[in-house]
Amino acid sequence: MTEGLAGTGTLLRLALRRDRIMLPLWVALFVVMAGFSADATLGLYPDMAARVEAAEVINNTPSLVALYGRIYDVTSLGAIAMIKMGGIGSALLAVLAFMLVVRHTRAEEEVGRLELLAGGVLGEHAPLAAGLATATGAALATGLLTTVALTAAGLPFTGSLAFGLAWTATGLVFAGVGAVSAQLTTTARAARGLATAALGVAYVTRAVGDSAGDENPTWLTWSSPIGWGQQVRPYAGDRWPVFLLLVAFAVACSAIAFVLNGRRDLGAGLLADRPGHAAAPRLLRSPLALAWRLERGVLISWVAGFLLFGVILGNVASNVSGMLDSPQAREMITKLGGVQGLTDAFIATELGFMGIMGAAFGIQAALRMHAEETSLRLESVLATATSRVRWSLGQLSVAVVGPVILASVFGLAVGVANATHTGVPADVARALAGALVQLPAIWVLVGLVVAVYGLVPRLSGAGWAMLVVFLLLGELGPLLELPSWAMDLSPFAHVPHLPGGDFRALPLLWLTALALALMAVGVAGFLRRDVSER
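Residues numbered from 1 in each chain as written. Predicted model: local features only at pLDDT ≥ 70, side-chain atom pairs only at ≥ 80, totals over all residues. Heavy atoms only, no water.

## Comments concerning the overall build of the protein chain
The helix and strand inventory of the protein chain stands at 25 helices and 0 strands. Taken over 534 residues, the protein chain has a buried fraction of 52%. Put simply, 76% of the contacts in the protein chain that link residues at least 6 apart link residues at least 24 apart. Entry remark: accessible area of the protein chain is about 22900 Å², with carbon and sulfur atoms responsible for 67%. (Helix = DSSP H or I, 4+ residues; strand = E, 2+ residues; numbered from the N terminus. Buried < 20%, exposed > 50% of the residue type's maximum accessible area, 1.4 Å probe, protein only. Contact = heavy atoms within 4.5 Å. Areas by Shrake-Rupley, 256 points an atom, 1.4 Å probe, with all protein chains shown as cover.)

Here's what the structure looks like:
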């Protein structure tokens, strides 16, 4: 085993050198947002009565429990302050963890750099060990610095340490999941997709388990690593033994990854690719058809996930209208994105999150352009009669039309599920409209990625950072009382909150125009630079 780890230190230093800018920024983003969230919340609930009332509003609203989790101590200021960051923050840290592992393992194999490094003194397990070490260091730094930030904001140290370590342990679990995914697939894209699917299943399982129970978590909650992290219950009992479950699962995933790594060839995956046809059918003989063929499997997976989640949320929406008698409930939901009736506010909020997820699909579809170029497949395509413009438009069509399909499926699923309970057919059209108005904001993010790809391709991955920033602006901006100009930086801030809000076409037209302009800039930049130029 020692020989298999030869060169791990060298690869770890190389990984840290490559991530010297991105990694500190990501860690700082998590820490600052957690600290600001805690600091801003301390002044919102000055007395015990206010805390209990706010906590009971959340616990009695299945939609909020599904989205963020349950508050297990309604008198705890820390539990209320960190309810958002505990659920969504842990999921975002999980994404960072498995992205880092895939970046320094499968992605390096795919582009051929790891094969060159393997020509030296390098053990077969060294890349995997270095990738896991990088992700572990990032998760540990985030957790410990978050503990310091939360304590400095005025929250108890013990609860802050439990919260920070819960983040760390969740990150370690999904670093292990990313490591296993990297052994199963032959491309970094597929590895990231597999890990993302695992995270999605874990989050939805936890959401269903928490919202289905009364005060205690169900078996579904305990079957999810995201649920385990929340069952540490920072500021609400600090259940330290739960860490053993998280750590044990992380170690098991990492061990499985090392075993699988020793049973495959360099560049190969345990899930073999299916051999293709000897000749492409006529429907595939265009850049547009090729782009859709490459994204077909990913899009189908996303559609299935959106359909399932839409049906769940549509059913939950029909059960929250009874809270309209509580002014505090209306205020809480309004802060989370709604503007009128509680049911409409809930649906509008969930559709806003759908917009964020739709943007994630658009970003990964747009980044396919960069992946095709860096893998040198683009040169072979452009060596034919295919022009750069036709190829670019083919790839862009998936990034633009794909979110339309996802938004339509989600809106219809929510609307139909809700209308089944309310008996009002018009609820279907209202939910669909609320989903479709998210598209211009999604397209702006796609346009930003395309513009960066065309002008500075090495920074294409910044699209993910922009998505996280916009998400946090929308989630924490009102809580932190940020100035309006800061929150207006997010394109989602200009989207009408439908159903229940006032529809304004002008902001949507401006967002669409901005998206088109950014895409045009990106395509123009791509036409003027060399292929594979950094």
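After that view of the structure, there is still more to cover.
## What about the nonpolar core?
Residues Met82, Leu150 and Phe174 are the most contacted members of the largest nonpolar core, which totals 119 residues. With residues up to four places along the chain from it excluded, the contact list for Phe174 reads Ala94, Ala97, Phe98, Ala198, Leu199, Ala202, Pro225 and Ile226. (Core = buried A, V, L, I, M, F, W, Y, C linked by side-chain atoms within 4.5 Å.)

## Side note on unusual backbone geometry
Of the consecutive residues Leu498 and Pro499, the connecting peptide bond is found in the cis state with omega at 0 degrees. Note that Pro499 resides in the loop between helix 24 (484–487) and helix 25 (505–528). The phi angle at Arg233 is positive, at roughly 55 degrees, despite the residue not being glycine. Within the secondary structure layout, Arg233 lies in the loop between helix 13 (225–231) and helix 14 (242–261). For Arg233, a relative accessible area of 15% translates into the label buried. Phi at Asp238 takes a positive value of approximately 45 degrees, unusual for a residue other than glycine. Structurally, Asp238 can be placed in the loop between helix 13 and helix 14.

## Quick notes on the packing of helix 20 (residues 388–422) against helix 21 (residues 426–436)
It is at 7 Å that the axes of helix 20 and helix 21 come closest, and there the two elements cross at 150 degrees. One way to sum up the angle between helix 20 and helix 21 is to call them roughly antiparallel. Seen along the crossing, helix 20 lies across helix 21 with a hand that is right-handed. For the pair helix 20 and helix 21, contact is made by Ala407, Ser408, Gly411, Leu412, Val414, Gly415, Val416, Asn418, Ala419 and Thr422 and by Asp427, Val428, Ala431, Leu432, Ala435 and Leu436, respectively. Here the contact of helix 20 with helix 21 is built from residues that sort into 10 nonpolar, 5 polar and 1 charged. (Axes fitted to C-alpha atoms, helices over the stretch in contact; angles between N-to-C directions. Parallel < 35°, antiparallel > 145°, perpendicular 65-115°, else oblique. Left-handed = near helix turned anticlockwise from the far one by under 90°. Nonpolar A, V, L, I, M, F, W, Y, C, P; charged D, E, K, R; others polar.)

## Remarks on the confidence of the model for the protein chain
Should pLDDT be low for a region, the predicted coordinates there are not to be read in detail. Looking at the protein chain, the pLDDT average stands at 82 and 87% of residues meet or exceed 70. Throughout residues 322–326 the model reports pLDDT below 50, and contacts reaching past four residues in sequence, or to other chains, amount to 9 contacts. When the criterion is pLDDT under 50, residues 336–340 qualifies, and its contacts beyond four places in sequence or with other chains add up to 15 contacts. (pLDDT = per-residue confidence, 0-100.)

## Observations concerning the side chain of Thr386
Examined against the element boundaries, Thr386 turns out to sit in the loop between helix 19 (377–382) and helix 20. Among the residues examined, Thr386 registers a relative accessible area of 15% and is labelled buried. Once residues within four sequence positions are removed from consideration, Thr386 is found in contact with Pro287, Val381 and Trp391.

## Details of the pattern of salt bridges
Two side chains of opposite charge can pair, provided their charged atoms sit close to one another. Per the counting criterion, the structure on display carries 6 salt bridges. Note that Asp427 is salt-bridged to Arg430, the shortest N-O span being 3.3 Å. One end of the pair is Asp427 and the other is Arg430, both in helix 21 and 3 residues apart, which spans about a single turn. (Salt bridge = Lys/Arg side-chain N within 4 Å of Asp/Glu carboxyl O.)

## Overview of the packing of helix 20 against helix 22 (residues 439–455)
Running from amino to carboxyl end, helix 20 crosses helix 22 at an angle of 155 degrees, the nearest separation of the two axes being 10 Å. The pairing of helix 20 with helix 22 is recorded here as roughly antiparallel in orientation. The chirality of how helix 20 crosses helix 22 is right-handed. Across from Trp391, Leu396, Ala399, Val400, Pro403, Val404 and Ala407 in helix 20, the residues of helix 22 making contact are Leu439, Ile442, Trp443, Val446, Val450 and Tyr453. For the contact of helix 20 with helix 22, the residue count by class is 13 nonpolar, no polar and no charged.

## Some thoughts on a nonpolar patch on the surface
A cluster of nonpolar side chains, contributed by Val389, Leu393 and Leu527, occupies part of the molecular surface with about 240 Å² of accessible area. Examined against the element boundaries, Leu527 turns out to sit in helix 25. (Patch = residues over 30% accessible without salt bridge, like charges linked within 9 Å, V, L, I, M, F, W, Y side chains within 5 Å.)

## Quick word on helix 1 (residues 8–18)
Residues of helix 1 that are buried: Thr8, Leu11 and Ala15. Looking straight down helix 1, one finds its buried side chains confined to an arc of 65 degrees; they lie on one side. (Arc of directions from axis to C-beta.)

## Thoughts on the packing of aromatic side chains
Using the criterion set out here, one finds 10 aromatic pairs in the structure. It is Arg529 that lies over the ring of Tyr453; its NZ or CZ is 4.9 Å from the centre. (Phe/Tyr/Trp six-rings, centres within 6.5 Å; stacked < 30°, edge-to-face > 60°. Lys NZ or Arg CZ within 6 Å of the ring centre and 35° of its normal.)

## Side note on helix 6 (residues 83–103)
The end-to-end C-alpha distance of helix 6, which contains 21 residues, comes to 30 Å, matching closely the 30 Å that a straight helix rising 1.5 Å per residue would cover. In the structure, helix 6 departs most strongly from a straight axis at Gly89, where the bend amounts to approximately 30 degrees. A large share of helix 6 lies buried, amounting to 18 of its 21 residues. (Expected span 1.5 Å × (residues − 1). Bend = angle between axes of the 7 residues up to and from the residue.)

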